[in-house]
Amino acid sequence: MKNYLRKKVLNRKENTSRRSELSEKIRTSGFLVAFLAMFGVTPAVNAMHVMEGYLPLGWCISWDVICIPFLVFGFMKIRKIVENDRKAITLLAITGAFVFVISSLKIPSVTGSCSHMTGTGLGAILFGPCVTSILGLIVLVFQAILLAHGGLTTLGANCFSMAIAGPIVSWAIYRALKKAGVNKKVTIFLAAFFGDLFTYCVTSVELAAAYHAGGFAAALVKFLANFAATQIPLAIIEGILTVVIVIGLETYANEELKELSFV
């Protein structure tokens, strides 16, 4: 009888501890999102990714088709991750919130587009580029509908540049530098920095491919040059923010990171 009571008390304590731990992680998630929100998410109709209706229909369809295999694989990957570890949902939610908030801060740049941080480097580092493509797509759909940021007709182009191409570069740089034994914080910073910049290199290619009256090369150089003035400082800020977020996750969600083999 005494053993039974002792086990019951221990189980209660364990359940209480788990509830307390979960509450702490939920509060932490809120703090992280609130921290990002301080950077000023203000919707602006005239500041967008590649805005609604800006690309010709043929290019819109082409970018949609190119995105499909990445999105299918990403969906399958997310389902596998969640089936193996339900706790990963928390990290997926935090990562998605980070992408949404940080990419909603817009600075008007090239005609028909804008400069902003992407936030997708974090997802690429934690989950890989294909999972990030799904998170990025969800963010882009909500931004297009709720914030008039981007568009549904240009969803494929924006998805490929921000949610696929950029994360692939971030993931590749992170894996290469980690394997080379480079300092972890430096590795995370560089992965997020170059992933952000590459997003805008791809966006420049998309715009130059659609509008190149003076030749594709000349149009590409023009778009890249116009983006550079605003995007390089933003990429530096994104790299720093990504490092800060990872430090926070290592402090409050270390067990979840271990399940992802990140720690």
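The rules behind the values
Here the residue numbers are simple positions, counted from 1 along each chain's written sequence. Given that this is a predicted model, residues contribute local features only at a pLDDT of at least 70 and side-chain atom pairs are listed and counted only at 80 or more, while totals for whole chains, interfaces and linings are drawn from all residues. With hydrogens and water stripped out, all remaining heavy atoms of the structure feed into the side-chain values. The definition used for a disulfide is geometric: two cysteine sulfur atoms within 2.5 Å. Partly exposed residues are those whose accessible area sits between 20% and 50% of the maximum for their type, while under 20% is buried and over 50% is exposed, using a 1.4 Å probe and protein chains only. Put simply, DSSP marks the helices as runs of H or I at least four residues long and the strands as runs of E at least two long, and each gets a number from the N terminus on. In what follows, a contact means two residues having at least one pair of non-hydrogen atoms within 4.5 Å. Here the expected span of a helix is defined as 1.5 Å times the quantity of residues minus one. Predictor confidence is given residue by residue as pLDDT, running from a minimum of 0 to a maximum of 100. Put simply, buried Ala, Val, Leu, Ile, Met, Phe, Trp, Tyr and Cys residues joined by side-chain atoms within 4.5 Å make one nonpolar core. Within this document, salt bridges are pairs made up of a side-chain nitrogen of Lys or Arg and a carboxyl oxygen of Asp or Glu, the two lying within 4 Å of each other. To get an axis, fit a line to the C-alpha atoms, keeping to the stretch in contact for a helix; angles then go from 0 to 180 degrees between the N-to-C directions. Under this scheme an angle from 65 to 115 degrees is roughly perpendicular, one under 35 degrees roughly parallel, and one over 145 degrees roughly antiparallel; angles in between are oblique. Three classes are used, and their members are as follows: Ala, Val, Leu, Ile, Met, Phe, Trp, Tyr, Cys and Pro are nonpolar, Asp, Glu, Lys and Arg are charged, and the others, Gly among them, are polar. Patch membership needs two things, relative accessible area over 30% and no salt bridge, and members are linked within 9 Å if like-charged or within 5 Å if nonpolar (Val, Leu, Ile, Met, Phe, Trp, Tyr). Accessibility throughout is a Shrake-Rupley quantity obtained with a 1.4 Å probe, and a residue counts as covered only by protein chains that appear here.

A few points about the state of the cysteines
Linking two cysteines covalently through their sulfur atoms gives a disulfide. One pass over the structure, following the stated rule, counts zero disulfides. In this structure Cys 67 is not part of a disulfide, and its nearest cysteine sulfur, from Cys 159, lies 4.2 Å away. Cys 67 gets classed as buried once you look at its relative accessible area, which sits at 2%.

Concerning the side chain of Ser 204
Considering the arrangement of structural elements, one finds Ser 204 in helix α7 (residues 184-210). Here Ser 204 is in contact with Leu 220, Phe 223, Leu 224 and Phe 227, once residues within four sequence places are set aside.

Digging into helix α3 (residues 88-103)
In this model α3 runs 22 Å from its N-terminal to its C-terminal C-alpha over 16 residues, within 8% of the 22 Å that 1.5 Å per residue would give. Turning to α3, its buried residues are Ala 88, Leu 91, Leu 92, Ile 94, Thr 95, Gly 96, Phe 98, Val 99, Val 101, Ile 102 and Ser 103.

Section: the confidence of the model for the protein
The predicted model of the protein has a mean per-residue pLDDT of 81, with 78% of residues at 70 or higher. Confidence scores differ between elements of the protein, with helix α1 (residues 2-37) showing the lowest mean pLDDT of 49 and helix α6 (residues 155-179) the highest of 95.

A closer look at the nonpolar core
Buried together is how nonpolar side chains tend to be arranged in soluble globular proteins. Ranked by size, the top nonpolar core spans 56 residues in total, and within it Leu 55, Leu 249 and Phe 262 carry the most contacts. At ten residues, helix α8 (residues 216-252) tops the list of elements feeding residues into this core.

Some points on the environment of Leu 122
Considering the arrangement of structural elements, one finds Leu 122 in helix α4 (residues 120-127). Note: C-alpha distance between Leu 122 and Val 243 (121 residues apart in sequence) is 8.7 Å. Once residues within four sequence positions are removed from consideration, Leu 122 is found in contact with Thr 95, Phe 98, Thr 242, Ile 245 and Val 246.

Description of the pattern of salt bridges
In total, this model carries two salt bridges according to the counting rule given. A salt bridge links Lys 184 to Glu 250, with the nearest nitrogen and oxygen atoms 2.7 Å apart. With a gap of 66 residues between them, Lys 184 in helix α7 and Glu 250 in helix α8 connect regions that are remote in the sequence. Among the ionic pairs, Lys 258 bridges to Glu 255, the shortest N-O distance being 4.0 Å. Within this pair, Lys 258 and its partner Glu 255 are both found in helix α9 (residues 254-259), separated by three residues, close to a single helical turn.

Overview of the packing of α3 against α4
It is at 8 Å that the axes of α3 and α4 come closest, and there the two elements cross at 155°. Overall, the two elements α3 and α4 adopt an arrangement that is roughly antiparallel. Across the interface between the two elements, Ala 88, Leu 91, Leu 92, Thr 95, Phe 98 and Val 99 from α3 touch Thr 120, Leu 122, Gly 123, Leu 126 and Phe 127 from α4. Partitioned by chemical class, the residues of the contact of α3 with α4 number eight nonpolar, three polar and no charged.

Overview of a nonpolar patch on the surface
Where nonpolar side chains cluster on the molecular surface, the patch consists of Leu 57, Ile 61, Val 65, Ile 68, Val 72, Phe 75 and Met 76 and spans about 690 Å² of accessible area. By the element assignment, Val 72 lies in helix α2 (residues 57-84).

Remarks on the environment of Phe 98
With respect to the helices, strands and loops of the structure, Phe 98 is situated in helix α3. As a C-alpha pair, Phe 98 and Gly 119 span 21 residues in sequence and 6.2 Å in three-dimensional space.

A few points about the side chain of Thr 187
Assignment of secondary structure puts Thr 187 in helix α7. Ignoring anything within four residues of it in the chain, the contact list for Thr 187 reads Tyr 174, Leu 177, Lys 178 and Val 182.

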